[in-house]
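What the coordinates show
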Amino acid sequence: MKEQLPFSKYIAIGVMLFALFFGAGNLIFPAQLGQNAGTNLWPAVLGFLITGVSLPLLGILAMGYSGSRNLQELASRVSPTYGVFFTCLLYLTIGPFFASPRTSTVAYEVGIAPIVSDNFQQGGLLIFSFLFFAATLWFSLNPAKIIDNVGKLLAPGIIILLAVLLLLVIIKPMGVMQAPAGDYTDGAFVTGFLDGYNTMDALASLVFGIIVINSVRSLGITSKGGILRATVKSGLVAITLLGVIYVGIAYMGATGTEAFGFFDNGGPVLSNATSYYFGAFGMVMLAILITLACLTTAIGLTTACAEYFQTLFPRFSYKSWVIFFAVLTFAFANFGLTNIITFSVPVLMFLYPLAIVLMILAFLSPLFRHKRIVYVLTTIVTFLISIFDGLKALCKSLEIDYFGWMTPFITFYENVLPMYDKGLGWLLPALIIILITAIVIRIIGPSKAGAQNKVKHGVHQY
């Protein structure tokens, strides 16, 4: 049985995975982190790399290790209803609600906004996003090899342009790092960790994982161990590229604050830095590359959402779903990049803990003999904590005090849960539930019939 691939194949799959991950958020959020973290850059970047780089790799490996055919099947280990709920929410989050609208707004902020007068910014965004999602709609309805080919050319092109830009940033910084701002003043690591949620790559990895696994299988590796080893090697290529780009852009943001000041989001950081080093020609090149890269991302997200929701509601055609999601995404895009980022935070604070716990459960499943009760109890506990994290973030976004009924719950969590004030109050309770239930299940032991059935059929019993 074939268990090894040539090194070039791992590179090819890794670059493909990098291209899948690389989108609007990978450019703007490290830049935003850099300008806010300032002299506290390095602990902030370390936290960001955990959620922005390590978790996406963990998500891909979790899909491979679990043996699930797709995300819904994995999430259905909690319950079939939860499987549908979680998968729908994840697709909508990385699709029309937040990540997909971000593609056009980032392309606009980086490439078009600098040449549009201040009093016409909203009108400019409206026109640009209309044309952008009209193209997205057309290509999504008429899939062609051109998208794959453009994507294959764009990934190396962007890497080269960013590599040259970041090299110049290191050799000739635009300025010195300034004092940290906001939450980065006292909690740079945790703030960077939570800001890594904004890339949404860990969520996307639960969808992209199947693409990578299928690519490995198509090359002749079919054993579980072989697939995992190939996925790890390919994943390391992708996350190394992402990590280097994150560190470089964050450093660019930190050193550019003295020259440009603070921005509401990371988009203008990139455009101003490009103009600083390359002038008008560099700005044009960056605008073209970013717009095309964001367009291919938008097409991929639109088609993925349409295909998934058609499986749930087959009475509506793929074409109907594509049109629906393209129109919905266009509407959300016109709220502007800053608003999209602001209102995505509550959803991510709720959804990320559930996704991370699902990854952990997928890896530890043999420890508790794959029993559904462990999935259920751990998810319930995480849900009851993360839902309040999301509501807290929503209140902060709306600039209002907590809803009155929330106060007793939040007070209880603050007094009982370690790291709750850092947005990580769910972590210890989830791990304790897994540990206790695993010990109990190990003591009780599996039923003889269940063990025999698992050996006979070679499948997990939930």
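Relevant structure appears above.
All figures in this text were calculated on a predicted structure; none of them were measured in a lab.

**Structural notes on unusual backbone geometry**
We note that Met-200 has phi near 65°; this positive angle belongs to a residue other than glycine. Looking at the secondary structure, you find Met-200 in the loop between α9 (188-195) and α10 (201-218). Residue Met-200 is classed as buried on the basis of its relative accessible area, which comes to 2%. Even without a glycine there, the phi angle at His-370 is positive, about 60°. As for its position among the elements, His-370 is in the loop between α14 (337-364) and α15 (372-398). Look at His-370 and you get buried, because its relative accessible area is 6%.

**Digging into the side chain of Thr-437**
Counting through the fold element by element, Thr-437 comes out in helix α17 (residues 427-444). On the basis of relative accessible area, Thr-437 is assigned to the buried category, the value being 12%. Discounting residues that sit within four places of it in the chain, Thr-437 has contacts with Val-374 and Leu-377.

**Focus: the pattern of salt bridges**
Within the structure shown, the criterion is met by two salt bridges. Between Arg-69 and Glu-73 there is a salt bridge, with the nearest N and O atoms lying 2.5 Å from each other. The residue Lys-396 makes a salt bridge to Asp-183 at a minimum N-O spacing of 3.8 Å. Here Lys-396 is found in helix α15, whereas its partner Asp-183 is found in the loop between α8 (145-171) and α9, with 213 residues between them in sequence.

**Structural notes on the packing of aromatic side chains**
According to the stated counting rule, one finds 35 aromatic pairs in the structure shown. Taking 5.5 Å as the distance between ring centres and 65° as the angle between the ring planes, the aromatic pair formed by Phe-21 and Phe-208 counts as edge-to-face. You can see Phe-21 sitting in helix α1 (residues 7-21) and its partner Phe-208 sitting in helix α10, a full 187 residues away along the chain. Judged by relative accessible area, Phe-21 falls into the buried class, the value being 4%. Given a relative accessible area of 12%, Phe-208 falls into the buried group. On the basis of an interplanar angle of 80° and a centroid distance of 5.4 Å, the ring pair of Phe-350 and Phe-383 is categorised as edge-to-face. Here Phe-350, found in helix α14, pairs with Phe-383, found in helix α15; they are 33 residues apart in sequence, far enough to count as distant. Given a relative accessible area of 9%, Phe-350 falls into the buried group.

Conventions adopted
- Residues numbered from 1 in each chain as written.
- Predicted model: local features only at pLDDT ≥ 70, side-chain atom pairs only at ≥ 80, totals over all residues.
- Heavy atoms only, no water.
- Helix = DSSP H or I, 4+ residues; strand = E, 2+ residues; numbered from the N terminus.
- Buried < 20%, exposed > 50% of the residue type's maximum accessible area, 1.4 Å probe, protein only.
- Contact = heavy atoms within 4.5 Å.
- Salt bridge = Lys/Arg side-chain N within 4 Å of Asp/Glu carboxyl O.
- Phe/Tyr/Trp six-rings, centres within 6.5 Å; stacked < 30°, edge-to-face > 60°.

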